[in-house]
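# Chains, contacts and geometry: an overview
Spelled out from the first residue to the last, the chains are:
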Amino acid sequence: MTDTAPKPGLVLLVVSTAAFLASLDTFIVTIAFPGIRAAFPGDDLATLSWVLNGYTVLFAACLAPAGRLADRYGRKRLFLAGVAVFTVASAACAVAPSIPVLVLFRAVQAIGAALVMPTSLALLLTAFPPHRRPLAVGVWASVGAAAAALGPPVGGLLVEASWRWVFLVNLPICAATLLAGPRVLRESRDTSTGVPDLLGAAGLLAGVGALAYALVSAPDDGWGSGDVLAAFAVAALALAWVPLRSARHAVPVLDLPALRVPTLWLACATTGAFAAGFAAMLFGNVLFLTSIWHDSILVAGLSLAPGPLMVVPVSVLGGRFVHRFGPGPIVALGGVSFGAGVLIWLLRMDATPDYAAAMLPGQLLTGIGVGLILPSLSGVVGTVLPPARWGAGSSMVTTMRQIGTVLGTAVLVAVFAGTPDLTDFRRGWLVVLATAVVTCAGGLLIAARRRTDHYEEPQAPSSTSSPSSILSTGIEP
């Protein structure tokens, strides 16, 4: 390792590439559902949804301890380990002989992705000076957002060959990242961070997983069935226990002192609400195009491409606006755009295909919304927390994104309750519209609070040194 400072542009390229894959695999499987169902007949929509939900549930549960482990043992080290795990798991998913095996290796993929996401943002924030961080975070988040939105069109192209290609495509990109990472990235850590609370992470996994299971199973088994009620009870107990556990543990799964900063917990809550709406929108539109308009998988994927084409340029521009106006107003504006796109679908979409007048305008407006919202919410961590907390803080924001993704998909499966018709899709769009309203409100609240919020280190008055001094002592030569 050299003594020279890392080149910010190269760091941005490497960490964004890995974040791209972690985000892409959250959504690319959505468009592959029909191909996977055809390869493994007999599995219904609720069962198949665990190919996506199993990934996102474990991703969400592992993010917080992954961020803490990275802060303690080295962000570069954990980042590269995550990419390696993700590579091996992707290869295993590509050759999976059954749905249970596929779900198992998707879970291993999630562990690798959970190591990548918080470390990538922490490495990025370390490499850039403060005045350039908003733009850098905007690019990083836009890449992740574009990956999530590009899942259907890319997946549509790959599934034409085989559904297995949605996993094989990861391998060359991961290999390039593993080759470049050791040369480009510079190690950083916070040696005062202890061992993270793995039991608390298990509680988060149990709570979110049980809630998703209850929502997915309720339409078929009945909302009053024993299994569903038991799952709701497990979810309630586990999710109530995790904050209590976090309050007593030295390195908790939830960073409660950080969450006492109103801007951060507002960003986490807003991220969860928006991610739920985004996941439901994406999942629902894939099913609408393939079942109501009877498009092929390829046509459906390409039909959803205009949205992601808007994300990257809007995100870069939004990063400049965030630097000038703060994240709150940009989030609120993004919520308005996202909601307007969904409203167009509610008013114009019907059983008669009319892509140019109905689907396309909504795609463009929701794409603008995604480009404004996700970078702005991701950048909150760097504005309200000290550098030593960036790994843990970014993991909490990303955890809420994954929890929202799980719940948004599960709620939509519950709304559809089998084979959806046009009425069911309109109910689904109403759910998405409600999340847009919540996102807009969250942005306004962040705008009202951000400039008055300050993080206070608990029981450590001497640790309130300036971010620049913490940063300088946290970087290894």
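Here the structure is shown first, and the text comes after it.
Residues numbered from 1 in each chain as written. Predicted model: local features only at pLDDT ≥ 70, side-chain atom pairs only at ≥ 80, totals over all residues. Heavy atoms only, no water.

### Topic: the overall build of the protein chain
Summing up its helical and strand segments, the protein chain has 19 helices and 0 strands in all. The burial tally for the protein chain puts 59% of its 477 residues in the buried class. Accessible surface, the protein chain as shown: approximately 17700 Å² in total, 69% of it carbon and sulfur. (Helix = DSSP H or I, 4+ residues; strand = E, 2+ residues; numbered from the N terminus. Buried < 20%, exposed > 50% of the residue type's maximum accessible area, 1.4 Å probe, protein only. Areas by Shrake-Rupley, 256 points an atom, 1.4 Å probe, with all protein chains shown as cover.)

### Focus on the nonpolar core
The biggest cluster of nonpolar side chains holds 86 residues, and the ones touching the most others in it are Ile36, Leu264, Phe288 and Phe338. Here this core takes 14 residues from helix α11 (residues 262-291), the largest share from any one element. Setting aside its immediate chain neighbours within four residues, phenylalanine 338 contacts Phe274, Gly277, Phe278, Met281, Leu365, Thr366, Gly369, Val370, Val432 and Ala436. With 34 residues, the next largest nonpolar core counts Tyr55, Leu58, Leu80 and Val83 among its residues. (Core = buried A, V, L, I, M, F, W, Y, C linked by side-chain atoms within 4.5 Å. Contact = heavy atoms within 4.5 Å.)

### A short note on the side chain of glutamine 363
As for its placement among the helices and strands, glutamine 363 is situated in helix α15 (residues 355-378). The exposure class assigned to glutamine 363 is buried, which follows from its relative accessible area of 4%. Here the side chain of glutamine 363 touches glycine 307 through a polar contact of 3.4 Å, landing on its backbone nitrogen. Leaving out residues up to four positions away in the same chain, glutamine 363 has contacts with Asn285, Ser303, Leu304, Ala305, Pro306, Gly307 and Trp345. (Polar contact = N/O pair within 3.5 Å; in protein donor to acceptor, adjacent residues only side chain to side chain.)

### What about the packing of aromatic side chains?
Within the structure shown, the criterion is met by 13 aromatic pairs. Measuring from centroid to centroid gives 5.2 Å for phenylalanine 288 and phenylalanine 425, while their planes differ by 90 degrees, and the two rings are edge-to-face. Here the residue phenylalanine 288 occupies a position in helix α11, and phenylalanine 425 occupies one in helix α18 (residues 422-449), the gap between them amounting to 137 residues. Cluster of aromatic residues (ring-pair linked, three or more members): Phe288, Trp293, Trp345, Phe416, Phe425 and Trp429. (Phe/Tyr/Trp six-rings, centres within 6.5 Å; stacked < 30°, edge-to-face > 60°.)

### A closer look at a negative patch on the surface
Where like charges cluster on the molecular surface, the negative patch consists of Asp44, Asp220, Asp221 and Asp227. For aspartate 227, the position within the fold is in helix α9 (residues 226-248). (Patch = residues over 30% accessible without salt bridge, like charges linked within 9 Å, V, L, I, M, F, W, Y side chains within 5 Å. Salt bridge = Lys/Arg side-chain N within 4 Å of Asp/Glu carboxyl O. Lys, Arg positive; Asp, Glu negative; His and termini not counted. Charge placed at Lys NZ, Arg CZ, Asp CG, Glu CD.)

### Examining the pattern of salt bridges
Using the criterion set out here, one finds 2 salt bridges in the structure. Here arginine 427 ties to aspartate 424 by a salt bridge, and the two come within 2.9 Å at their closest N and O atoms. Highlighted residues: arginine 427 and aspartate 424, both in helix α18, separated by 3 residues, approximately one helical turn. Its relative accessible area of 11% is what places aspartate 424 among the buried residues.

### A short note on the side chain of threonine 271
Inspection of the secondary structure puts threonine 271 in helix α11. In this structure threonine 271 touches Leu377, Val397, Met400 and Arg401, once residues within four positions along its chain are discounted.

### A look at a nonpolar patch on the surface
On the surface, Leu317, Phe321 and Phe325 cluster together into a nonpolar patch covering about 280 Å² of accessible area. The residue leucine 317 is located in helix α13 (residues 306-325) in this model. Exposure remark for leucine 317: the relative accessible area of 45% places this residue in the partly exposed category.

### Things to note about α9
Over its 23 residues, α9 runs 33 Å from end to end, which matches the ideal 33 Å to within 8%, given 1.5 Å per residue. Inspection of α9 places Val228, Ala231, Ala235, Ala238, Val242 and Ser246 among the buried residues, and these make up the whole buried set. Check the buried side of α9 and you find it contacts α8 (198-221) and α10 (256-259). (Expected span 1.5 Å × (residues − 1).)

### A look at the environment of leucine 244
Note that leucine 244 resides in helix α9. For leucine 244 and leucine 254, which are 10 residues apart along the polypeptide, the C-alpha to C-alpha distance reads 9.8 Å.

### Here we look at the packing of α11 against α18
Look at α11 against α18: their axes get within 8 Å of each other, and the N-to-C directions meet at 160 degrees. One finds that α11 runs roughly antiparallel with respect to α18. Once α11 is placed against α18, the crossing between them reads as left-handed. Of the residues contributing to the contact of α11 with α18, the split by class is 16 nonpolar, 9 polar and 1 charged. (Axes fitted to C-alpha atoms, helices over the stretch in contact; angles between N-to-C directions. Parallel < 35°, antiparallel > 145°, perpendicular 65-115°, else oblique. Left-handed = near helix turned anticlockwise from the far one by under 90°. Nonpolar A, V, L, I, M, F, W, Y, C, P; charged D, E, K, R; others polar.)

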